[in-house]
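Next come the chains, spelled out residue by residue.
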Amino acid sequence: MERPYAARRALLHPLWLGSLAVLALNDHVLKGAGVLPGAITGKLSDFAGLVVAPALLAVLLRLGSRRSLFLAHLATGAVFAAIKLSPAAARAFEAFTALTPFPWKITVDPTDLIALPALALAWRVLVPAMQRPLPERPLAQRTAVVFGSLACAATSEPVDPPPTCDPDFCGVTPTEAGALSLGNTTDGERLVRLRPLKDSVQVDCETLLADPESALSRELFAPAEAWLLQPGRGLPLQNNDTAGCVAYLVDADGLSPTLLAWSSSTFPTQLVSTVTNSDDRLMIPLSLDSNGKLSLGPHEAVFKAPALEEPPVAPGCTTPDESVGIEWSTPVPIGGPWMVESIISSPDDCHALVLQNKSTMYVCVPKAAMPFKAGDSLMIDERDGIAGSAPETNGEPPEGKILILHSDTHTVVAVRGNVLARYGFTGTDAPLGEPTVESDLAEGCTGAHDECGSLLVPLELSFLGAHVPSISFLRAGKSIDLADGYGTLHLVRAEAMPIRDTECPPFARSSRHYESVLVIPAAP
């Protein structure tokens, strides 16, 4: 026989008590304290509250059947979803709570729906707990009901009553800290969505601010934060303290995506107005144009949004396809000598080195950079990390991976990173020293975005000094013969990444990326 359900038993379960503690701690201690990011504290109460609320509702309504408990969970989720999706539902709920000692102020934010799976957790864990035979603890259970009710009732920021006007302060414009303010100058409330740049995005501010629309792509922006903006109210927009420049994508119902971008030196963090009745260059107006269409601006920080599709690249400014590059299989059979039984090359410049008594090793380099043949004995080495400095890194610390293949006839040095392959990586000083290398953005090229949204601009290398009779230039896909036994440098990729998502490979911590191979003939 199935045991009857008693919702009060769930109130002493560790999951329910723990969620209640998280709810109270988050609402009354963590929010606004700066201990955790606002993005976390903003969602933590939602997760905890959706665990606490259904069991508490069941106790208050004295529900005792599986069906009624399911309806309690369903009702909790439906109300939560409604007030997070619909401004009208949020206002109606606010009006209802205004009749209680704990009025709520609700922020309509569809991203809060990420917490809905907490209902499934509550159903899976707490409903079975309602059937377990536990000793009755009426005092503890009643205490849990009281504290649970108080925590849920006070989980939203309470609406303060209008302050009594002090004659000394009447007429003072309300302000908050921010760089700029987005002001709703229409006569209706507007649900505005803001997408900041992802935390993983690094930008060169000079490149971004020179042409924000072309420099950025929509893939670089984080998920939207939704704000319900009342008529006549302004929403402070924050600077990123570490970036030096700021960008947001803004849209609303009836407003096409619009780009906001500015320098934090032009608009530093200060007190900005949160009402629209002040004529202020720090206020970006959200208004209706002559056709009744919602628009942003005019303001110097307002730009067209990045295009949905990548515009055509100027002739001579393309970067190699993402499939083009230097690669090798791992683990690398370091050491040797290893006898090469055969080499099988594919049309995409990948070569299978069949080594005697070893696993086949695959190396992807240009065909002209694979000088070995069957019968050669190879010494193989791999390095991760580069010491020293190199001018082509644009002043950044050198980084990269190096593969060295050495036979009696040739040494091949393959490098992926922010440095070029060079003779010195063999452990032997270059004859006459290393050539002087400089890298500059290819003239007339603004770049294009990769699939991660990073901006790639082709680089042009210049060689002078040792091993070249006069200044020589090199672009990706070309090679240069350096004299005095230095070898032939094959440049596979060479691009600057002034705006990049550091979570995307390769070597995105640097603003320069090269893939090159140096083929050094053995001394006669």
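Residues numbered from 1 in each chain as written. Predicted model: local features only at pLDDT ≥ 70, side-chain atom pairs only at ≥ 80, totals over all residues. Heavy atoms only, no water.

Peer 1: Where do I start with the overall build of the chain in this structure?
Peer 2: A count of helices and strands for the chain gives eight helices and 26 strands. Here the chain, with 524 residues, has 45% of them falling under the buried criterion. Within the chain, contacts between residues separated by at least 24 positions form 68% of all contacts whose residues are at least 6 apart in sequence. (Helix = DSSP H or I, 4+ residues; strand = E, 2+ residues; numbered from the N terminus. Buried < 20%, exposed > 50% of the residue type's maximum accessible area, 1.4 Å probe, protein only. Contact = heavy atoms within 4.5 Å.)

Peer 1: Is there a simple way to explain the confidence of the model for the chain in this structure?
Peer 2: Note that predicted coordinates carrying low pLDDT should not be read in detail. Here the chain averages 84 in pLDDT, while 86% of its residues score no lower than 70. Summarising per-element confidence for the chain, the mean pLDDT is lowest in helix α6 (residues 138–153) (60) and highest in strand β16 (residues 361–364) (96). Segment residues 156–170 is flagged for pLDDT under 50; beyond a separation of four residues in sequence, or across chains, it makes eleven contacts in the model. (pLDDT = per-residue confidence, 0-100.)

Peer 1: Sorry if this is basic, but what is going on with the packing of aromatic side chains here?
Peer 2: In the structure shown here, the tally under the stated rule is three aromatic pairs. Each ring, one from Phe-70 and one from Trp-123, has its centre 5.7 Å from the other, and the planes form 80°; the classification is edge-to-face. Residue Phe-70 is located in helix α3 (residues 66–85), and its partner Trp-123 is located in helix α5 (residues 117–129); the two are separated by 53 residues in the primary sequence. Ring geometry for Tyr-423 and Tyr-486: centres 5.5 Å apart, planes at 50°, overall tilted. Of this pair, Tyr-423 sits in the loop between β19 (410–417) and β20 (436–441) while Tyr-486 sits in the loop between β24 (478–482) and β25 (487–501), and the two are 63 residues apart along the sequence. Its relative accessible area of 2% is what places Tyr-486 among the buried residues. The positively charged end of Lys-358 is found above the aromatic ring belonging to Trp-338, 4.6 Å away from the centroid. (Phe/Tyr/Trp six-rings, centres within 6.5 Å; stacked < 30°, edge-to-face > 60°. Lys NZ or Arg CZ within 6 Å of the ring centre and 35° of its normal.)

Peer 1: What's the story with the nonpolar core in this structure? I'm lost.
Peer 2: Within soluble globular proteins, side chains that are nonpolar generally end up buried alongside one another. Among the nonpolar cores identified, the biggest contains 28 residues, and Val-413, Phe-463 and Leu-518 are the most heavily contacted of them. Contributing elements (two or more residues each) for this core: β18 (400–406), β19, β22 (455–464), β24, β25 and β26 (512–521). Apart from residues no more than four positions distant in its own chain, Leu-518 is found in contact with Thr-411, Val-412, Val-413, Ala-421, Arg-422, Tyr-423, Tyr-486, Gly-487, Thr-488 and Leu-489. (Core = buried A, V, L, I, M, F, W, Y, C linked by side-chain atoms within 4.5 Å.)

Peer 1: What am I meant to see in a nonpolar patch on the surface here?
Peer 2: Taken together, Phe-70, Leu-71 and Leu-74 make up a surface patch of nonpolar side chains, about 290 Å² in accessible area. Using a relative accessible area of 44% as the deciding quantity, one classes Phe-70 as partly exposed. (Patch = residues over 30% accessible without salt bridge, like charges linked within 9 Å, V, L, I, M, F, W, Y side chains within 5 Å. Areas by Shrake-Rupley, 256 points an atom, 1.4 Å probe, with all protein chains shown as cover. Salt bridge = Lys/Arg side-chain N within 4 Å of Asp/Glu carboxyl O.)

Peer 1: Would you take a moment to explain the sheet that holds strand β2 (residues 180–184) for this structure?
Peer 2: Within a sheet, each strand pairs with its neighbour through backbone hydrogen bonds, oriented either parallel or antiparallel. A sheet is described by the order of its strands in space; here four strands give the open sequence β6-β2-β10-β11, paired in mixed fashion. Sheet topology places β6 (234–237) and β11 (294–296) at the edges, where each strand pairs with a single neighbour. Strand-to-strand, the axes of this sheet are offset by a mean angle of 20°, without reference to chain direction. Pairing geometry for strand β10 (residues 283–288) and β11, over three bridges, is antiparallel. Directly across from Leu-288, in β11, lies its bridge partner Leu-294. (Pairing = 2+ DSSP bridges. Axes fitted to C-alpha atoms, helices over the stretch in contact; angles between N-to-C directions.)

Peer 1: Looking at this model, I keep getting lost on α5. Mind explaining?
Peer 2: For the α-helix, the turn length of 3.6 residues means that residues three or four positions removed from each other point alike. Between its first and last C-alpha atoms α5 spans 19 Å; for 13 residues at 1.5 Å apiece the expected length is 18 Å, and the two agree. The set of residues buried in α5 consists of Ala-118, Leu-119, Ala-122, Leu-126, Val-127 and Ala-129. (Expected span 1.5 Å × (residues − 1).)

Peer 1: Would you mind showing me how to read unusual backbone geometry here?
Peer 2: Glycine aside, negative phi is the norm for most residues, and most peptide bonds take the trans geometry. In this chain, Thr-330 is followed by Pro-331 through a cis amide linkage whose omega measures 0°. By the secondary structure assignment, Pro-331 is in the loop between β13 (327–328) and β14 (335–345). Gly-336 connects to Pro-337 through a cis peptide bond whose omega is 5°. Along the chain, Pro-337 turns up in strand β14. A positive phi is found at Leu-432, a non-glycine position, where the angle reads about 65°.

Peer 1: Got a minute to help me understand the side chain of Ser-273 in this structure?
Peer 2: Relative to the assigned elements, Ser-273 resides in strand β9 (residues 270–273). Look at Ser-273 and you get buried, because its relative accessible area is 6%. Here the side chain of Ser-273 touches Val-275 through a polar contact of 2.8 Å, landing on its backbone oxygen. (Polar contact = N/O pair within 3.5 Å; in protein donor to acceptor, adjacent residues only side chain to side chain.)

Peer 1: Can you help me understand the state of the cysteines in this one?
Peer 2: Working definition: the covalent bond between the sulfur atoms of two cysteines is a disulfide. Going through the model one piece at a time under the given rule, you end up with four disulfides. Disulfide pairing is shown between Cys-317 and Cys-445; the S-S distance is 1.9 Å. Linking Cys-317 and Cys-445, the disulfide has an S-S dihedral of approximately -80° and is accordingly described as left-handed. With Cys-317 in the loop between β12 (302–304) and β13 and Cys-445 in the loop between β20 and β21 (448–449), the pair connects residues that are 128 residues apart, well separated along the chain. As far as burial versus exposure is concerned, Cys-317 and Cys-445 are alike and both buried. (Disulfide = S-S within 2.5 Å.)

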